[in-house]
Amino acid sequence: MFSAFFNTIRKIYFSHNLVLWLIMFVLPVGVSVFMVDVFSAQIVQHIPIGIVKQDRSQLADELEQGFRASPVLNVVMECSELSECEHAVVRGELQAFVVLPYDMERRALRFETPVIPVYSSGQNYLTNSFATKEIRSVISTIGGNLFTAAIKEPVRVELQSVGNTSGNYQGFLGMGLVSAIFHLAGILVAVYVMSFPFRDQRVGEFLKCAGGSRPVLWLASALPMTLFMWICMVAVYTYTHRFLAPMTLDEFIMVSAGQLSMMLACTGVGSAFVGITGNMRMSSSAAGVIAGPAFAFAGQTFPLMAMPIAVRGFAFLLPLTHVLKVQSIMLLGPVGKPYAWNYIQILLIMALFWHLLGARLLFFRWKRSAAKEEVKND
């Protein structure tokens, strides 16, 4: 049995199958490392803005000092005319500029609520959002202190993120995207491996290599890809996690167990798709439709509680949703272990269900395809 098992592994994974290694190793690892490096840049700071200072009051001076003290903003230009700052935005020198209008302080002291226009470029939405949000924050803070003692030097702010000492996006989006990439790759690899004998009409050949045992063929197909992709995922996750607070051994074991459970569920889903459809094209399409947008529904970028109940149900069925919960919980330290284990149990139940379903359907298709191939060869 063991000889047939290893012979089948060699035939499936080491028979000059370049495409399999591309989607099982090069694609998930390469794309993950690339995405991690993309998000290694620090959180947006020092966004260039300009000021049109029409009012020369104490309030205008305090607002200017507030803008200059903000770590998000960088006042690089004080324009004498509105058109000067507008031209700087068109040239790309400024992302936004603020107009401190005439009689601003006098109107504020008379409770007339002066309007402070903020103009921003429409080309870079995310950057503009950071700039305008910070500008509004500075104006609100200084405006709220209008009737308190004047502060000559505003308090300078330093941006820090909990558990993210380098202040970049790897801890927020990088690790989630790594999981999403492996989530998709796990299903696609399972589809490719399980549908390969059907595509080339070699089911009888693979069964013969497995000693005529369908369980041996299934185990030799499913086990190596699951373990290999899990090891790759743990390695890339460890690489991504290097800038965050170090994990203890218990935390690493819990996260690794969650990732193994997710990979088991993903390969089970891919196997079930092949068992249901019987061909690679339809199975790959189903995997792309379901797993492709999974990151958008997994609660990492938009809260699940705000989604419609049907979408929340779909998100619950995605293995990615639960592994992201495990990873997020374990960032809090050992206190999250009991909660993380609940999500790992859900993943293990998913993996068991999909593998049992996939194995049952594949056993039936293998038997029927082998019989057809035998008749055709005769």
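In what follows, the structure referred to is the one given above.
As a convention, each chain's residues are numbered from 1 in the sequence order in which they are written. Side-chain atom pairs in this predicted model are given and counted only at pLDDT of 80 or more, local residue features only at pLDDT of at least 70, and totals for whole chains, interfaces and linings cover all residues. Remark: hydrogens and water are excluded; side-chain values derive from all non-hydrogen atoms of the structure.

*Asks:* Which residues make up the environment of F130, and what values go with them?
*Replies:* Relative to the helices and strands, F130 resides in helix α6 (residues 125-144). The exposure class of F130 is partly exposed, given its relative accessible area of 28%. For helices the rule is a DSSP run of H or I covering at least 4 residues; for strands it is a run of E covering at least 2, with both sets numbered from the N terminus onward. Each residue is placed in one exposure class: buried if its accessible area under a 1.4 Å probe, protein chains only, is under 20% of its type's maximum, exposed if it is over 50%, and partly exposed if it falls in between.

*Asks:* So what about the pairing of strand β3 (residues 96-100)? Which residues, and what values?
*Replies:* The buried fraction of β3 is high, at 5 of 5 residues. Of the two faces of β3, the one carrying A96, V98 and L100 and the one carrying F97 and V99 are both buried. Pairing between strand β1 (residues 47-53) and β3: 5 bridges, direction parallel. Within the sheet, the bridge partner assigned to I49 lies in β3 and is A96. Two strands pair under a simple rule: DSSP has to find at least two bridges between them.

*Asks:* Residue-level account of helix α11 (residues 280-291), with values.
*Replies:* Multiply 1.5 Å by the residue count of a helix minus one, and that product is the helix's expected span. The terminal C-alpha atoms of α11, which comprises 12 residues, lie 16 Å apart, in line with the 16 Å expected from a rise of 1.5 Å per residue. Taken as a whole, α11 has its buried residues at M280, S283, A287 and A291. Down the axis of α11, the smallest arc covering the buried residues is 70°, so these residues share one side. Turned more than 90 degrees from where α11 packs its buried face, R281 and V289 sit exposed. Here a polar contact is taken to be a pair of N or O atoms separated by no more than 3.5 Å, where protein atoms must pair a possible hydrogen donor with a possible acceptor and residues adjacent in sequence count only if both atoms sit in side chains. Of the residues that open α11, the one with a side-chain oxygen 3.2 Å from the backbone nitrogen of R281 is N279. Along the arc lie the directions from the helix axis toward the C-beta atoms.

*Asks:* Mind laying out a nonpolar patch on the surface, listing which residues take part and the relevant values?
*Replies:* For patch building, the residue pool is restricted to those with more than 30% relative accessible area and no salt bridge; the joining distance is 9 Å between like charges and 5 Å between nonpolar side chains (Val, Leu, Ile, Met, Phe, Trp, Tyr). Computed by Shrake-Rupley with a 1.4 Å probe, the accessible areas treat only the displayed protein chains as cover when residues are assessed. Take a side-chain nitrogen of Lys or Arg and a carboxyl oxygen of Asp or Glu: if they are within 4 Å of each other, that pair is a salt bridge. On the surface, L18, L22, F25 and V26 cluster together into a nonpolar patch covering about 370 Å² of accessible area. Along the chain, the position of L18 falls in helix α2 (residues 18-38).

*Asks:* Lay out the sheet that holds strand β2 (residues 73-79) with the relevant residues and their values.
*Replies:* Spatial ordering of the open sheet is given by β2-β1-β3-β4, a layout of 4 strands whose pairing is mixed. Since the sheet does not close on itself, it has two edges, and those belong to β2 and β4 (118-120), each with one partner. Going across the sheet, the axis of each strand differs from the next one's by a mean of 25°, ignoring polarity. Across 6 bridges, the pairing between β1 and β2 is parallel. If you follow I47 over to β2, its bridge partner there is L73. Docked against the sheet, helix α3 (residues 58-69) engages β1, β2 and β3, running at close to 170° with respect to β1. Note on geometry: axes are lines fitted to C-alpha atoms, helical ones only across the stretch in contact, with angles between N-to-C directions running from 0 to 180 degrees. In this analysis, two residues are considered to be in contact whenever any of their non-hydrogen atoms come within 4.5 Å of each other.

*Asks:* Lay out the packing of helix α10 (residues 249-277) against α11 in plain terms, naming residues and giving numbers.
*Replies:* Where α10 contacts α11, the two axes come as close as 9 Å, and the packing angle between them is 135°. Overall, the two elements α10 and α11 adopt an arrangement that is oblique. As α10 runs across α11, the sense of the crossing is right-handed. For the pair α10 and α11, the contacting residues are F273, V274 and T277 in the first and M282, S283, A286, A287 and I290 in the second. In terms of residue class, the contact of α10 with α11 is made up of 6 nonpolar, 2 polar and no charged. For classification, angles of less than 35 degrees are called roughly parallel, those exceeding 145 degrees roughly antiparallel, those between 65 and 115 degrees roughly perpendicular, and all remaining angles oblique. A crossing counts as left-handed when the near helix is turned anticlockwise from the far one by less than a right angle, and as right-handed when that turn is clockwise. Here the term charged refers only to Asp, Glu, Lys and Arg, the term nonpolar to Ala, Val, Leu, Ile, Met, Phe, Trp, Tyr, Cys and Pro, and the term polar to all other amino acids, Gly among them.

*Asks:* How would you explain the packing of aromatic side chains if you had to name every residue and give the values?
*Replies:* Aromatic pairs are defined between Phe, Tyr and Trp rings, using the six-membered ring for Trp, whenever the two ring centres lie within 6.5 Å; interplanar angles under 30 degrees are classed as stacked, those over 60 as edge-to-face, and all others as tilted. Going through the model one piece at a time under the given rule, you end up with 6 aromatic pairs. The interplanar angle of 15° and the centroid separation of 4.9 Å between the aromatic rings of F97 and Y119 together place this pair among those described as stacked. With F97 in strand β3 and Y119 in strand β4, the pair connects residues that are 22 residues apart, well separated along the chain. Classification of F97 as buried rests on a relative accessible area of 2%. Taking the relative accessible area as the measure of exposure, Y119 reaches 36% and is therefore partly exposed. Residues F196 and F206 carry aromatic rings whose centres are separated by 6.0 Å and whose planes lie at 80° to one another, so their mutual orientation is edge-to-face.

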